[in-house]
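The chain contents come next:
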Amino acid sequence: MALLQNCTPSTNEILESFKKQGFDGTDPLAFSAEWTGGDLLCVDRKTGVLRSEKRYSSLEIANYWTDVIFKSTNPEDYSASNPFAHSRLLYVLLSVIEFLKRSDIEIKTLCDFATGQGVFLKYAREYMPDISITGTEASASLVSRLMEDGFSVSNKTLGKTGQQAEFEVDFGTVSWTLCNCIDVVDVLLDIRNHIRDGGYLCVSDSSRILVPFRKSLRDYITSNHPLDIHPHFFSLKSLSALLGATGFKIEWENRYFDSDVLCIIAKKVALPSEDARFATDDPSDIKNFLQKWHEQSKYFESLRP
């Protein structure tokens, strides 16, 4: 029997909790500094949203990923060329294909938003040869490389700081990206504008919150970079509430509880009213979970070779 509680904040409360910067209206988690090198995680008191302090701007974080993370030779830093990154993106693509087949939905166009090094595009071109595959990417150098590989990719920074790309698709994907966006609401609304009415969006992230512990906090939260490079930490409910508040209706979710991946497919619908309600996590459940993870991580660290 589930012991977790629900909160039901309004559309406006959900959007505000994702837009906030600093610690206003949150409970900072002092113990998190042990794993971040000094930065603090915080939990919104109304919605249970777990995030960083957000001291950096969206443009600064986008540039940090382009200029630092993607150019890093440190094996501890993220690279889409890693086998695990390939496997999880292929998992997402196969989940999309299965969803479309099971739901008897035909699409002609698909866009991978913030495609990065284009790993998803390459798999999509192989597995969906009859679909027009496009992408967006903020890095001009990555766009140039992908164009040389024959992909149609818009050089676009998602959100209010981005350039407007005039296109519309039947299906969108955004993978391990929203968690890295300071202005995640603006980014998601921008993506929404590029999906046709009644079209679909697949959002994928790591399944880490309110699920069995997968790893030590040391291996989840970076101490080598600002915590703001990964400002949002989604649970199923927080990601679903964000999608609902930005005009998407959840159609499918994967078996996230014992999977490394949290994957949601949602349909574009009308934007909700300001006082519409969505289920989110109780803040106390999030804080208790993180406290237990903190304690267990010390044991996990004792096992490290």
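All values derive from a computational prediction rather than experimental measurement.

*Asks:* Mind showing me how you'd approach the sheet that holds strand S6 (residues 132–137) here?
*Replies:* The pairing of strands in a sheet happens through backbone hydrogen bonds and is either parallel or antiparallel. Overall, mixed pairing links the seven strands, which are arranged S7-S6-S5-S8-S9-S12-S11 in an open sheet. On the outer flanks of this sheet lie strand S7 (152–155) and strand S11 (248–253), each paired with one strand and no other. When strand polarity is set aside, the average angle formed by the axes of neighbouring strands in this sheet is 25°. Both S11 and strand S12 (residues 261–268) contribute to a ladder of five bridges, which runs antiparallel. Across the sheet, residue Phe248 finds its bridge partner in S12, namely Lys268. Those strands touched by helix H5 (residues 119–127) are strand S5 (109–112), S6, S7 and strand S8 (169–175), and its axis lies near 180° from that of S6.

*Asks:* When you look at the nonpolar core in this model, what are you seeing that I'm missing?
*Replies:* Nonpolar side chains in soluble globular proteins tend to end up buried together. By size, the foremost hydrophobic cluster in this structure holds 31 residues, and its most contacted members are Leu178 and Leu201. Secondary-structure elements contributing two or more residues to this core are helix H1 (11–19), S8, helix H7 (184–193), strand S9 (195–206), helix H8 (236–245) and S12. Beyond its immediate stretch of four places on either side in the chain, Leu201 contacts Gly172, Thr173, Val174, Leu188, Ile191, Ile195, Leu243, Phe248, Ile264, Ile265 and Ala266. Listed in part, the 30 residues of the second largest apolar core include Phe99, Met128, Tyr200 and Cys202.

*Asks:* Before we go on, may I ask you to explain the sheet that holds strand S10 (residues 232–233) in this structure?
*Replies:* Strand order in the open sheet formed by four strands is S2-S3-S4-S10, with antiparallel pairing between adjacent strands. Of all the strands in the sheet, just strand S2 (26–29) and S10 have a single pairing partner and so form its edges. As judged from the two bridges shared by strand S4 (residues 50–51) and S10, these two strands associate in the antiparallel manner. Considered in S10, the bridge of Leu50 is made with Phe233. Sheet strands in contact with helix H9 (residues 283–302) are S2, strand S3 (41–44) and S4, and its direction is about 160° off that of S3.

*Asks:* Would you explain the pattern of salt bridges in this entry?
*Replies:* Here the idea is simple: oppositely charged side chains can pair when their charged atoms come close. Across all of its chains, the model carries 17 salt bridges by this definition. Between Glu13 and Arg277 there is a salt bridge whose closest N-O contact spans 3.7 Å. Residue Glu13 is found in helix H1, and its partner Arg277 is found in the loop between S12 and strand S13 (280–281); the two are separated by 264 residues along the sequence. On the basis of relative accessibility, which here comes to 54%, the residue Arg277 falls in the exposed class.

*Asks:* Just to check I follow, could you spell out the packing of helix H4 (residues 83–103) against H5 for this structure?
*Replies:* In a pair of packed helices, the angle between the axes and the distance between the axes together describe the arrangement. Close contact between H4 and H5 brings their axes to 10 Å; oriented N to C, the two are set at 45°. Judged on the interaxial angle alone, H5 and H4 are oblique. Handedness of the crossing formed by H4 with H5: right-handed. Contacts from His86, Leu89, Leu90, Val92, Leu93, Leu94 and Ile97 in H4 reach Val119, Phe120, Tyr123, Ala124 and Tyr127 in H5. Residue classes in the contact of H4 with H5 are distributed as eleven nonpolar, one polar and no charged.

*Asks:* Which parts of the structure should I look at to understand the packing of aromatic side chains?
*Replies:* Note on aromatic pairs: each is described by the distance of the centres and the angle between the planes. All chains considered together, the criterion is met by eleven aromatic pairs. Seen in terms of ring centroids, Phe213 and Phe289 are 5.3 Å apart; in terms of plane orientation they differ by 40°. Their pairing is tilted. Placement of Phe213 in the loop between S9 and S10 and of Phe289 in helix H9 is noted, with a sequence separation of 76 residues between them. Aromatic side chains Tyr256 and Phe257 sit 6.5 Å apart centroid to centroid with 85° between the ring planes, which places their arrangement in the edge-to-face category. Three or more aromatic residues joined by ring pairs form one cluster here, namely Phe213, Tyr220, Phe233, Phe289 and Trp293. Looking at Arg88, its charged tip hangs above the ring of Trp176, at a distance of 4.0 Å from the centre.

*Asks:* Hey, could you run me through the pairing of S3 in this one?
*Replies:* Each regular strand displays side chains that alternate between the two surfaces of the sheet. The side-chain alternation of S3 yields two buried faces, one formed by Leu41 and Val43 and the other by Cys42 and Asp44. Note that S2 and S3 share four bridges and pair antiparallel. In the sheet register, Thr26 faces S3, and the bridge partner there is Asp44. Inspection of the sheet shows S3 paired to S4 by two bridges, in the antiparallel sense. Following the sheet pairing, Val43 is matched in S4 by Leu50.

About the thresholds
- Residues numbered from 1 in each chain as written.
- Predicted model: local features only at pLDDT ≥ 70, side-chain atom pairs only at ≥ 80, totals over all residues.
- Heavy atoms only, no water.
- Pairing = 2+ DSSP bridges.
- Helix = DSSP H or I, 4+ residues; strand = E, 2+ residues; numbered from the N terminus.
- Axes fitted to C-alpha atoms, helices over the stretch in contact; angles between N-to-C directions.
- Contact = heavy atoms within 4.5 Å.
- Core = buried A, V, L, I, M, F, W, Y, C linked by side-chain atoms within 4.5 Å.
- Buried < 20%, exposed > 50% of the residue type's maximum accessible area, 1.4 Å probe, protein only.
- Salt bridge = Lys/Arg side-chain N within 4 Å of Asp/Glu carboxyl O.
- Parallel < 35°, antiparallel > 145°, perpendicular 65-115°, else oblique.
- Left-handed = near helix turned anticlockwise from the far one by under 90°.
- Nonpolar A, V, L, I, M, F, W, Y, C, P; charged D, E, K, R; others polar.
- Phe/Tyr/Trp six-rings, centres within 6.5 Å; stacked < 30°, edge-to-face > 60°.
- Lys NZ or Arg CZ within 6 Å of the ring centre and 35° of its normal.

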